[in-house]
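Structural overview
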Amino acid sequence: MSSIENKSSSSWLNSDRRRLILQEYGIFLAFLLLVGILALSNEFFLTPGNISNVLLQTSINGVLAIGMTFVILTRGIDLSVGSVVALAGMVSASFVTSSATAGIAGAPYPMVVALAAGILVGVCCGALVGFIVSRFSVPAFVATLGMLSAARGATLIYGGGKPVPALSPDFRWIGTGNILGIPMPVILLAVVFAGSWWVLTRTRFGRYIYAVGGNPHAAKTSGLNVTRIRFLVYVISGALSGLAGMILSARTGSALPQAGIAYELDAIAAVVIGGTSLSGGVGRVTGTLIGALIIGVMNNGLDLMGIQSYYQQVLKGALIVGAVMLDQKRNQGG
Amino acid sequence: MQPLLKVEGLKKSFGGVAALRDGRFELAAGSVHALCGGNGAGKSTFLSILMGIHKRDGGTILHRGKPVEFGSPAEALRSGIAIIEQELSPVPHMTVAENIYLGREPSARFGGIDFKTMNRNAQALLDRLEFSISAREYMMNLSVAQMQLVEIAKALSHEADVIFMDEPTSAIGEKEAQHLFSAIQRLKADGKGIVYVSHRLSEIFQIADSYTVFRDGGFVGAGNLADIDRRGLIRMIVGRELGEEYIKTNTPTEIAGLEVAGLSAPGKIEDISFTAHKGEIFGIYGLMGSGRTEIFNCLFGMDRPSAGEIRLDGRAVTIRQPADAMAEGIAFVTEDRKVTGLNLIDSVRNNICLASLPDMSPSFVMQKSREQAASAEMIERFAIKAARDTMPVSGLSGGNQQKVVLGKWFLRQPRVLLLDEPTRGVDVGAKREIYRIICDFAAAGGTVVMISSEIDEILGMSDRILVMRQGRSAGIHDRQDTDAQSLVHLST
């Protein structure tokens, strides 16, 4: 093998560069193509109102998918995000409800308290999963499948199976408010994206995540604390799930026990469409964001065209598999 | 007599660059033929065309006088050409017999598998070859060497008469290698043609009858090994005179660099003691599984020893994890660069910097310019051939990959260098560069402990040699007072 690579290094460089360009911009080009087609087929699609709507619909999945990217980069997976969304949403809502029966004693509290509680719930769920995965070498699929069930159950217990309604207006602002006309959830997504991009591309911790995902043995021999890095990515995913849960309940005005069901699947879909490898070590948060936008734009566009949501699901399935097939082909082609 | 296999003018290009310009080869029945060449010589391309993995651009392949062309390894195997690959890929949870007859299981009634016939046939085959392996054993319970023998049995069950072996001894010990060689001798006596690919010249001289040398994708020469000496063969492989293979420039001092006393880890090593001096290259020789690597694992904090003391520069140190060892100035070049040394999908630069990130970027944010400078320095210092330092390290040759691993550790300016098989799978030219790097490090006052299963290398490079046998030390010997025979004798 080595002789082939050595001999043809200059041609390899060309195809390598080609591949890099495809990897770098392929997903972006696909996104632009999709937008272009939808813009031509429906004059309403590119109106500011609709763009804002698409972004708003993408924001929760976007936040979850970014957290998922951290986990998948280390060869893990987090199936629990949907349930954590519900639990965090419900716990934080119970601090700001004006309903006499649904809230905890002393509610409504100021918004900051609720926000802290929601994030804390997410962090705790993530920390527990991370601890189990990194310390006991339980496969991430199993540990987070357990949390998927446990957090859903905890949500039902906490709220007695009933929704928490009538949230305070200042809490609802994070879901329904806007700054300079930009909806709050979109701003939060942008902040999460910028922060994650910075961590993954500019910090040591980011490099460590890639190193652990690329080759955990080599990372360990190089003196990296692989256990801690694995632990932390689940904490990040948990915290972002907590944030997403609060955005969701703030938008809808009440926290529902069945909120967030199957959200993990959309998050994983966005990561995969965005070109992050499920075998770890390869991928980018920019790709994930575009992946989430593609899902959002597609749902919206098909809605506008009057296509039933049942068909949308079939198309989304085809898109996920198609994206990975293309990715595989591209990698082999190089 | 008609040759078993005759190849002429074989050509192959990848993306406009010729990997193989003129592949010529002639294999006689009942002989062992060594295919030699450095990394990048075109050997692997040659093999992959013969096995039907790549399509050739030109040339002819005659098998028993008939032109052949294969679309896949399965086709090649059906026509009697088999390969024992460097990295075996058996199905671990299946038995030996099931692996041999995978895809061709004898059928019983109702479409089931006739396990009885299969096991009987497999055992008969193994017995005929004098391999002491049970056909009912699970593949995962076999050693690498035994798996190779199963692969050979599988090839013969397809009635292969041409068998390629690509670096078969790279993952097995000396004793097992001798086992393999006697199996090869039997195949030869049976009229099979064996093509043996290896970087280890002493093996080639031991078992092969004839040789073919490739260099830079072209045929350089062929002949009988009886008519050429080691020096002459090396000259053909590298294309120039290389001088002495092992040039030692270091002189051991009397100052202790690394002292190990009574190091034990249950079931792995027992009561290992030695002192490696500054300026010394201290060799450790032993078979696979004799506890050599386990010593390093304990020294580097990968394993926790149950007893023993480690002293650096006369000071006792406690090492609980790799980071502790690194803080003490220990560097560990692991046995298998692909598994534990490198993040193959990541770039050359990131791999070089991986072990030094906290030092280069003390705050949370990375300092790209320092990483860039560090990687440029190491690439220049070790003459690493890479188009760009942002290309994936998987695109480099074995020798250059190994130099990246060395660069990663030298960047930390270590005081003690632990080397586990530092030249495995590296060609003759790159080997010398690595020897030079090791010698320079020792000459500058560094302490080197080196594990190798290549006897020539351990005798050529080490000042003293610790022999390991079944987890225990079988003595420490000066290089002048020992030779290959006594090392093998002590280790078994």
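Residues numbered from 1 in each chain as written. Chains lettered and ligands numbered in written order. Predicted model: local features only at pLDDT ≥ 70, side-chain atom pairs only at ≥ 80, totals over all residues. Heavy atoms only, no water.

1. Notes on the overall build of chain B
Where we set the bar: Numbering of helices and strands starts at the N terminus; helices are DSSP runs of H or I of at least 4 residues and strands are runs of E of at least 2. The globule rule is 2.2 Å times the number of residues to the power 0.38, and the radius of gyration it is compared with is taken over C-alpha atoms. Type-normalised accessible area, obtained with a 1.4 Å probe on protein chains alone, sets the label of each residue: buried when under 20%, exposed when over 50%, and partly exposed for intermediate values. Only heavy atoms enter the contact rule, under which two residues are in contact if any of them lie within 4.5 Å.
Looking only at helices and strands, chain B has 18 helices and 20 strands in total. Relative to the compact-globule value of 23 Å for 492 residues, chain B shows a C-alpha radius of gyration of 24 Å, a close match. For chain B, buried positions account for 56% of its 492 residues. Relative to all contacts within chain B whose residues are 6 or more apart in sequence, the contacts with residues 24 or more apart total 66%.

2. Regarding the sheet that holds strand 13 (residues 281-285) of chain B
Residue and element names in this part refer to chain B. How we decide: Any two strands are treated as partners once DSSP identifies two or more bridges connecting them. To define axes, lines are fitted to C-alpha atoms, for helices over the stretch in contact only, and angles between the resulting N-to-C directions are given on a 0 to 180 degree scale.
Read from one edge of the open sheet, six strands run 16-17-18-13-19-20, paired in mixed fashion. Every other strand in the sheet has two partners, leaving strand 16 (330-333) and strand 20 (472-478) as the edge strands with one partner each. Going across the sheet, the axis of each strand differs from the next one's by a mean of 15°, ignoring polarity. Where strand 16 and strand 17 (residues 416-420) come together, four bridges link them in parallel fashion. Opposite Val333, over in strand 17, you have Leu419 as the bridge partner.

3. As for the environment of B:Cys439
Residue and element names in this part refer to chain B. Along the chain, the position of Cys439 falls in helix 16 (residues 428-443). Cys439 gets classed as buried once you look at its relative accessible area, which sits at 1%. Distance from Cys439 to Thr249, taken between C-alpha atoms, is 5.9 Å for residues 190 residues apart in sequence. Residues within four places of Cys439 in sequence aside, it is in contact with Ile247, Lys248, Thr249, Asn250, Ile281 and Met461.

4. Examining the pairing of strand 14 (residues 307-312) of chain B
All names here are of chain B. In the sheet, strand 11 (residues 256-265) pairs with strand 14 via five bridges, with the strands oriented antiparallel. Within strand 14, the residue paired with Ala261 across the bridge is Glu309. Note that strand 14 and strand 15 (residues 315-317) share three bridges and pair antiparallel. If you follow Leu312 over to strand 15, its bridge partner there is Arg315.

5. A closer look at the environment of B:Thr45
Among the structural elements, B:Thr45 can be located in helix 1 (residues 43-50). Sequence separation of B:Thr45 and B:Arg109 is 64 residues, and the distance between their C-alpha atoms is 44 Å.

6. A closer look at unusual backbone geometry
Despite not being glycine, A:Arg75 shows a phi value in the positive range, around 75°. Checked against the element boundaries, A:Arg75 lands in the loop between helix 3 (48-73) and helix 4 (81-96). Although it is not a glycine, B:Gln470 sits at a positive phi angle of roughly 45°. With respect to the helices, strands and loops of the structure, B:Gln470 is situated in the loop between strand 19 (464-469) and strand 20.

7. Things to note about the UniProt feature "transmembrane region" (unreviewed entry) in chain A
Residue and element names in this part refer to chain A. Keep this limit in mind: UniProt positions are given in the numbering used here, feature names are shortened, and annotations may be inferred rather than shown by experiment.
The feature "transmembrane region" (unreviewed entry), as annotated in UniProt, sits at residues 21-42, 54-73, 85-105, 111-133, 140-159, 179-200, 231-248 and 268-295 in this numbering. Across residues 54-73, the secondary structure splits into 100% helix and 0% strand, with the terminal C-alpha atoms separated by 27 Å. The span residues 231-248 is 100% helix and 0% strand, and its two end C-alpha atoms sit 26 Å from each other.

8. A word on the UniProt feature "domain: ABC transporter" (unreviewed entry) in chain B
UniProt tags residues 5-241 and 253-492 of chain B as "domain: ABC transporter" (unreviewed entry). With 36% helix and 25% strand, the stretch residues 253-492 of chain B has end C-alpha atoms that lie 31 Å from each other.

9. Things to note about the interface of chain B and chain A
Here is the rule we go by: What makes a salt bridge here is a side-chain nitrogen of Lys or Arg within 4 Å of a carboxyl oxygen of Asp or Glu, nothing more. Think of a polar contact as two N or O atoms within 3.5 Å of one another; within protein, one of them needs to be a possible hydrogen donor and the other a possible acceptor, and neighboring residues in sequence only count if both atoms come from side chains. The classification used treats Ala, Val, Leu, Ile, Met, Phe, Trp, Tyr, Cys and Pro as nonpolar, Asp, Glu, Lys and Arg as charged, and all other residues, Gly among them, as polar.
Tallying the contact residues gives 53 residues for chain B and 37 residues for chain A. Counting across the chain B and chain A interface gives one salt bridge. At the surface where chain B touches chain A, the tally comes to twelve residue pairs in polar contact (both at pLDDT 80 or more). At the level of elements, strand 2 (17-27), helix 1, helix 10 (322-327), helix 11 (337-341), helix 13 (357-360) and helix 15 (398-410) of chain B are the ones that each hand at least two residues to the side of chain B that touches chain A. Classifying every residue of the side of chain B that touches chain A by side-chain character gives 27 nonpolar, 19 polar and seven charged.

10. Thoughts on the nonpolar core
A general tendency of soluble globular proteins is for nonpolar side chains to be buried together. Residue and element names in this part refer to chain B. What counts, and what does not: Buried residues of nine kinds, namely Ala, Val, Leu, Ile, Met, Phe, Trp, Tyr and Cys, make up a nonpolar core once their side-chain atoms join them within 4.5 Å.
Of all hydrophobic cores here, the largest spans 165 residues; its most connected members are Leu258, Phe274, Ile295 and Leu299. Dropping the residues within four chain positions of it, Leu258 is found in contact with Phe274, Thr275, Ala276, Leu299, Ile310, Arg311, Leu312, Val416, Leu418, Thr447 and Val449. Counting 54 residues, the second largest nonpolar core, distinct from the first, contains Leu129, Leu142, Leu156 and Leu180.

11. Brief notes about helix 1 of chain B
Residue and element names in this part refer to chain B. In terms of burial, helix 1 is a largely internal element, eight of the eight residues being buried. Among all positions in helix 1, only Lys43, Ser44, Thr45, Phe46, Leu47, Ser48, Ile49 and Leu50 are buried. Gly52 sits one or two residues past helix 1 and shows a positive phi near 80°.

12. Here we look at the packing of helix 8 (residues 184-202) of chain A against helix 11 (residues 226-252) of chain A
For any two helices packed against each other, one specifies the crossing angle of their axes together with the interaxial distance. All names here are of chain A. As a reminder, the rule being used: An angle counts as roughly parallel when it lies under 35 degrees, as roughly antiparallel when it exceeds 145, as roughly perpendicular when it falls between 65 and 115, and as oblique in every other case.
Where helix 8 meets helix 11, the closest approach of the two axes is 11 Å, and the angle between their N-to-C directions is 170°. In this view, helix 8 runs roughly antiparallel relative to helix 11, as classed from their interaxial angle. Packed against helix 8, whose contacting residues are Pro185, Leu188 and Val192, the element helix 11 presents Leu240, Leu243, Ile247 and Arg251 at the interface. Considered class by class, the residues forming the contact of helix 8 with helix 11 number six nonpolar, no polar and one charged.

13. As for the pairing of strand 20 of chain B
Residues and elements named next belong to chain B. The sheet contact formed by strand 19 and strand 20 spans five bridges and is antiparallel. Bridged to Arg464 within strand 20 is Asp478. Linkage of strand 19 to strand 20, two consecutive antiparallel strands, is achieved through a turn of two residues, within which Gln470 is found at a positive phi near 45°.

14. Brief notes about the side chain of B:Asn350
In this structure, B:Asn350 sits in helix 12 (residues 348-353). Polar side-chain contacts of B:Asn350 include one of 3.0 Å to the side chain of B:Asp346. Apart from residues no more than four positions distant in its own chain, B:Asn350 is found in contact with A:Arg207 and B:Glu371.

15. A few points about the confidence of the model for chain A
For any part of a model where pLDDT is low, the fine detail of the predicted coordinates should not be relied upon. All names here are of chain A. Put simply, the rule is: Values of pLDDT, the confidence the predictor places in each residue, fall between 0 and 100.
Taken as a whole, chain A shows an average pLDDT of 88; of its residues, 91% reach a score of 70 or greater. The weakest mean pLDDT in chain A belongs to helix 1 (residues 2-7) at 40; the strongest belongs to helix 11 at 96. For residues 1-12, every residue scores under 50 in pLDDT, and the model assigns this stretch 34 contacts once sequence neighbours within four places are set aside.

16. Some remarks on the sheet that holds strand 12 (residues 269-277) of chain B
Residue and element names in this part refer to chain B. Strand order across the open sheet formed by four strands is 12-11-14-15, with antiparallel pairing between neighbours. The strands lining the two open edges of the sheet, one partner per strand, are strand 12 and strand 15. When strand polarity is set aside, the average angle formed by the axes of neighbouring strands in this sheet is 20°.

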